[in-house]
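So you can see what is in the structure, the chains are spelled out below.
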Amino acid sequence: STLRLFVRCVLEGGAETFNSFAGGGGGGAPSFTNYVIPSDIITSNIGGTIKMYAAIGGGGGAAGTSSGSNASSGSSGSASYVEIYDSDGILKWGLRASGGNAGKGATSTNFGSGASLKDKSTCQIYNGSSWVYTSCTYDGLKGDDGASSTDSTAAANGGVGGGSMYNTSTSSGGGQGGSNSHENGYDATNWGAGGGGGTVRFTTSGSTTTAYKGKGGSGKNGVAEITYDIMYPAAGGGGGGGGAFAHIKDITVTAGNTYTLRVAAGGNAGGTGANGIDGGTTSATFGSVTYSLSGGKGGLIGTSQSDTASLVQGTGGAKGIVSTNVSDTSGLKFKNGSDGFNAGTLATDALNIYGGSYGGNGGTSGIDTIGGCGGLFNDSNICTNTNVSATSVPYNTVINVLNASDYGSAGAGGGGGGWSENTTFYPTPGSGSAGQDGYIYLYWSEY
């Protein structure tokens with residue numbers, strides 16, 4: 001007879017045990033945000049090259065090759081950078097933000113740990129001779145750890161990738177980990193964020209259980225971005241015109257009669273982007289004859305450069321003049337004022353203000369009082385003023401004197417406002433200054 005032996009393996013406990021271990025999430029990268037490149041680096045390397053490199057994000061680790069084998073860890077991201085070279089191709093300045101750390105793959109006995117935090121002190125700056133460590137704005141955030149599960153119907157979730165602080169107030173964009181419905185970790189969505197960890201997902205159909213081994217998600221690439229403002233030259237304001245002067249003698253007056261004298265105020269300063277105000281007319285009326293002297297005209301604004309307009313500097317205001325009836329009077333001494341000066345352009349680095357537009361000086365009055373100094377104008381032969389706002393000439397009130405030729409100072413034009421490229425010392429465009437008031441000096445002789 002034949003003996004037949006039937007051998008059957010029986011799992012103790014009556015059921016098979018399942019284990020799934022998930023991988024850890026990748027880390028986010030440290031980042032510079034709103035970093036201002038020094039202006040001297042830009043201006044001293046005109047004609048050079050700016051190189052920007054956005055690094056590839058770290059890759060996700062591969063799944064284990066078989067049940068019970070270890071999954072591989074992901075790879076770290078590399079550094080993104082901005083570098084400035086001069087016209088000879090020599091590196092002059094640069095910034096580097098290092099990539100995020102890699103998440104760890106699951107082993108046959110445990111889940112993978114999330115990537116460690118990448119400290120912001122790992123960033124670098126080129127100081128003109130070598131790369132040295134400096135601090136980024138934000139750390140590269142850590143990834144979450146993976147997890148484990150013995151439930152064949154619910155896989156362990158993979159670790160979530162560390163979020164990025166790029167252009168966000170809170171970290172975001174880290175990839176989600178694998179789950180019971182999707183074994184692969186998800187890729188990161190925000191620049192510099194880490195990918196999610198993979199997991200093992202099980203499905204059961206009847207007595208058959210199938211394992212799907214997932215891989216880790218990839219980190220999002222780094223980003224190098226430069227934003228800049230186009231700076232167009234602004235126009236300075238023209239200086240106000242100077243007022244006229246007249247010395248009228250031998251006017252006969254009669255006791256008990258009324259004679260009208262009008263003293264005009266100087267023109268007010270124009271605000272930023274506004275024309276100066278004209279000076280008023282000073283006059284004296286004796287009977288049917290009125291002697292009048294016009295004030296200087298206000299200085300005019302220019303046209304600042306734009307995409308469609310060229311720079312046109314502001315022109316000076318017209319001079320004050322003596323009226324015709326005054327100039328026809330015999331024995332009259334008179335003198336018209338002078339026009340206000342036009343605004344001009346400052347050379348780069350002039351007066352240590354890195355260029356700009358200076359306001360025109362105010363016109364000289366008919367009694368030779370020099371007008372106010374335009375903003376940022378500097379000429380010791382006329383006046384000195386390195387403020388953006390123009391200055392006016394002090395007005396000396398006429399005093400009671402016996403000498404008919406001793407007149408006070410008045411009628412000078414105010415200066416035009418200026419503009420500077422140096423926004424540290426001169427943060428705003430300046431306004432113009434007011435012209436001086438007119439005056440009438442009256443004296444008489446008794447015969």
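Use the structure listed above.
The rules behind each value
- Residues numbered from 1 in each chain as written.
- Predicted model: local features only at pLDDT ≥ 70, side-chain atom pairs only at ≥ 80, totals over all residues.
- Heavy atoms only, no water.
- Buried < 20%, exposed > 50% of the residue type's maximum accessible area, 1.4 Å probe, protein only.
- Helix = DSSP H or I, 4+ residues; strand = E, 2+ residues; numbered from the N terminus.
- Pairing = 2+ DSSP bridges.
- Contact = heavy atoms within 4.5 Å.
- Salt bridge = Lys/Arg side-chain N within 4 Å of Asp/Glu carboxyl O.
- Patch = residues over 30% accessible without salt bridge, like charges linked within 9 Å, V, L, I, M, F, W, Y side chains within 5 Å.
- Areas by Shrake-Rupley, 256 points an atom, 1.4 Å probe, with all protein chains shown as cover.

Draft legend 1. Local environment of the pairing of strand S5 (residues 123–126). Taking every second residue as pointing to the same face, both faces of S5 are buried, with Cys123 and Ile125 on one and Gln124 and Tyr126 on the other. In this structure, strand S4 (residues 91–97) lies alongside S5, joined through three bridges in antiparallel fashion. What sits directly across from Leu95, in S5, is Ile125. Both S5 and strand S6 (residues 131–134) contribute to a ladder of four bridges, which runs antiparallel.

Draft legend 2. The arrangement of the environment of Gly114 in detail. In this structure, Gly114 sits in the loop between S4 and S5. For Gly114, a relative accessible area of 14% gives the class buried. If near-sequence neighbours (up to four positions away) are discounted, Gly114 is found in contact with Gly24, Gly25, Gly103, Gly143, Asp144 and Asp145.

Draft legend 3. Spatial organisation of the pattern of salt bridges. Enumeration according to the criterion identifies three salt bridges in this entry. Lys297 is the salt-bridge partner of Asp278, the closest N and O atoms lying 3.6 Å from each other. Of this pair, Asp278 sits in the loop between strand S11 (260–262) and strand S12 (282–286) while Lys297 sits in the loop between strand S13 (289–293) and helix H2 (324–327), and the two are 19 residues apart along the sequence. Classification of Asp278 by relative accessible area gives partly exposed; the value is 40%.

Draft legend 4. Expanded view of a nonpolar patch on the surface. Side chains of Ile42, Ile50, Met52, Ile226, Tyr228 and Ile230 sit close together on the surface and give an oily, nonpolar patch of about 600 Å² of accessible area. Secondary-structure assignment places Tyr228 in the loop between strand S9 (208–213) and strand S10 (245–247).

Draft legend 5. The pairing of strand S3 (residues 80–85), seen in detail. Within S3, five of the six residues are buried, which leaves the element mostly enclosed by the surrounding structure. As paired elements, S3 and S4 share six bridges and run antiparallel to each other. When the sheet's bridge partners are listed, Ile84 is paired in S4 with Trp93. In this structure, the hairpin formed by S3 and S4 is closed by a connection of five residues, where Gly89 is found at a positive phi of approximately 80 degrees.

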